[in-house]
Amino acid sequence: MRRFAVLLALTSSHAIVACGPAPETQDEAQAPTRADSVAMAMQAFDEAVFDTIAWESDEARSERGRLVFNISCSKCHGLHGGGDGGFVTQGDTLRPPSFLQSGWRFAETPMDLRRYIFSGSVAGMPYWGLVGLKYRDIDAVAYFIETPLRAGISAP
Ligand code: HEC
């Protein structure tokens with residue numbers, strides 16, 4: 001329902017822009033900024049959806065997560081989540097934080113991890129919930145990071 005409202009808002013704002021007088025710097029006026037997209041994703045996120053996701057086994061969940069991670073995450077985060085994927089953008093190599101630190105910010109907060117993956121950040125983390133990852137795959141990849149990537153890493 002919430003999602004629908006966001007979509008509706010998007011569609012109608014487009015319609016208004018399309019019918020109104022053309023602003024001088026049309027591209028700038030229309031292009032949503034990265035911060036807008038992150039904010040929109042934060043709003044669309046619905047944690048109740050995770051209650052409806054069932055996995056036949058932990059292995060199936062982890063294997064799906066590994067696949068998603070290898071394809072969608074490792075180029076920036078590295079194959080083992082160390083932050084060493086080496087992805088180059090705008091002349092810079094991204095250096096995301098390692099997932100393997102003992103006091104990692106999401107170590108104790110699984111839902112916050114899923115929300116973050118869904119919403120991204122203004123500093124270069126894609127807002128996956130808006131650009132193609134389903135809740136099921138967000139759950140799988142979060143689980144893959146929690147177990148097995150972080151297996152054996154204890155709290156400080
Ligand atoms: C285009 C590069 C890129 C890709 C692809 C990418 N990320 Fe990120 N990610 C980043 C950057 C850059 C940051 C740091 C952002 C910041 O500091 O706000 C980040 C941060 C994170 C964090 C927070 C880490 C922390 O300790 O603060 C998590 C969790 C995360 N990404 C998960 C994922 C997952 C899961 C995927 C795949 C579905 C993914 N990322 C794909 C660039 C990427």
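What you see is a predicted model, and the numbers here were worked out from it, not measured in a lab.

Asks: For the coordination of the iron atom of the ligand, give the residues involved together with the corresponding values.
Replies: Note on the iron atom of the ligand: its protein donors are His77 (NE2) and Met125 (SD). The metal-donor distances range over 2.0 to 2.2 Å. Metal-centred angles of 85 to 178° between the 6 donor atoms at the iron atom of the ligand mark the site as octahedral. One end of the pair, His77, is in helix α4 (residues 58–77); the other, Met125, is in the loop between α5 (110–119) and α6 (135–149), and 48 residues separate them in sequence. Here His77 and Met125 have matching classes, each one buried.

Asks: If you had to explain the site of the ligand to someone new, which residues and values would you point to?
Replies: Around the ligand, the structure places 25 residues, and the nearest of them are Cys73, Cys76, His77, Arg105 and Met125. A distance of 2.7 Å is found between a nitrogen atom of the ligand and a side-chain nitrogen or oxygen belonging to His77. By residue number, the principal contributor to the shell around the ligand is α4, which donates 5 residues. In the shell around the ligand, the residues fall into 19 nonpolar, 4 polar and 2 charged.

Asks: A description of the side chain of Asp139 should follow, citing residues and the corresponding values.
Replies: Note that Asp139 resides in helix α6. Engagement of the side chain of Asp139 in a polar contact is seen with the side chain of Arg61, the distance being 2.9 Å. Apart from residues no more than four positions distant in its own chain, Asp139 is found in contact with Phe50, Ile53, Trp55, Arg61 and Arg114.

Asks: Tell me about the nonpolar core, and please be specific about residues and values.
Replies: Within the largest apolar cluster, 26 residues are counted, with the highest numbers of intra-cluster contacts made by Phe69, Ile117 and Phe118. Elements with a minimum of two residues in this core: α3 (34–44), α4, α5 and α6. Tallying contributions element by element places α6 first for this core, with 7 residues. Discounting residues that sit within four places of it in the chain, Phe69 has contacts with Ser74, His77, Gly78, Leu79, Gly81, Phe99, Val141, Phe144, Ile145 and Leu149.

Asks: How would you sum up the packing of α5 against α6? Please name residues and give values.
Replies: Between α5 and α6, whose axes approach to 10 Å, the crossing angle comes to 125°. If you check the angle between α5 and α6, you find them oblique. Here α5 runs over α6; the crossing is right-handed. Facing α5, whose interface residues are Pro110, Leu113, Arg114, Ile117 and Phe118, α6 presents Tyr135, Ile138, Asp139, Val141, Ala142, Tyr143 and Glu146. Counted by class, the contact of α5 with α6 contains 9 nonpolar, no polar and 3 charged residues.

Thresholds applied
Residues numbered from 1 in each chain as written. Predicted model: local features only at pLDDT ≥ 70, side-chain atom pairs only at ≥ 80, totals over all residues. Heavy atoms only, no water. Donors = N, O, S within 2.8 Å, 3.2 Å for Na, K, Ca; no water. Tetrahedral: all angles 85-135°; square planar, octahedral: opposite > 155°, others 65-115°. Helix = DSSP H or I, 4+ residues; strand = E, 2+ residues; numbered from the N terminus. Buried < 20%, exposed > 50% of the residue type's maximum accessible area, 1.4 Å probe, protein only. Near = heavy atom within 4 Å. Polar contact = N/O pair within 3.5 Å; in protein donor to acceptor, adjacent residues only side chain to side chain. Nonpolar A, V, L, I, M, F, W, Y, C, P; charged D, E, K, R; others polar. Contact = heavy atoms within 4.5 Å. Core = buried A, V, L, I, M, F, W, Y, C linked by side-chain atoms within 4.5 Å. Axes fitted to C-alpha atoms, helices over the stretch in contact; angles between N-to-C directions. Parallel < 35°, antiparallel > 145°, perpendicular 65-115°, else oblique. Left-handed = near helix turned anticlockwise from the far one by under 90°.

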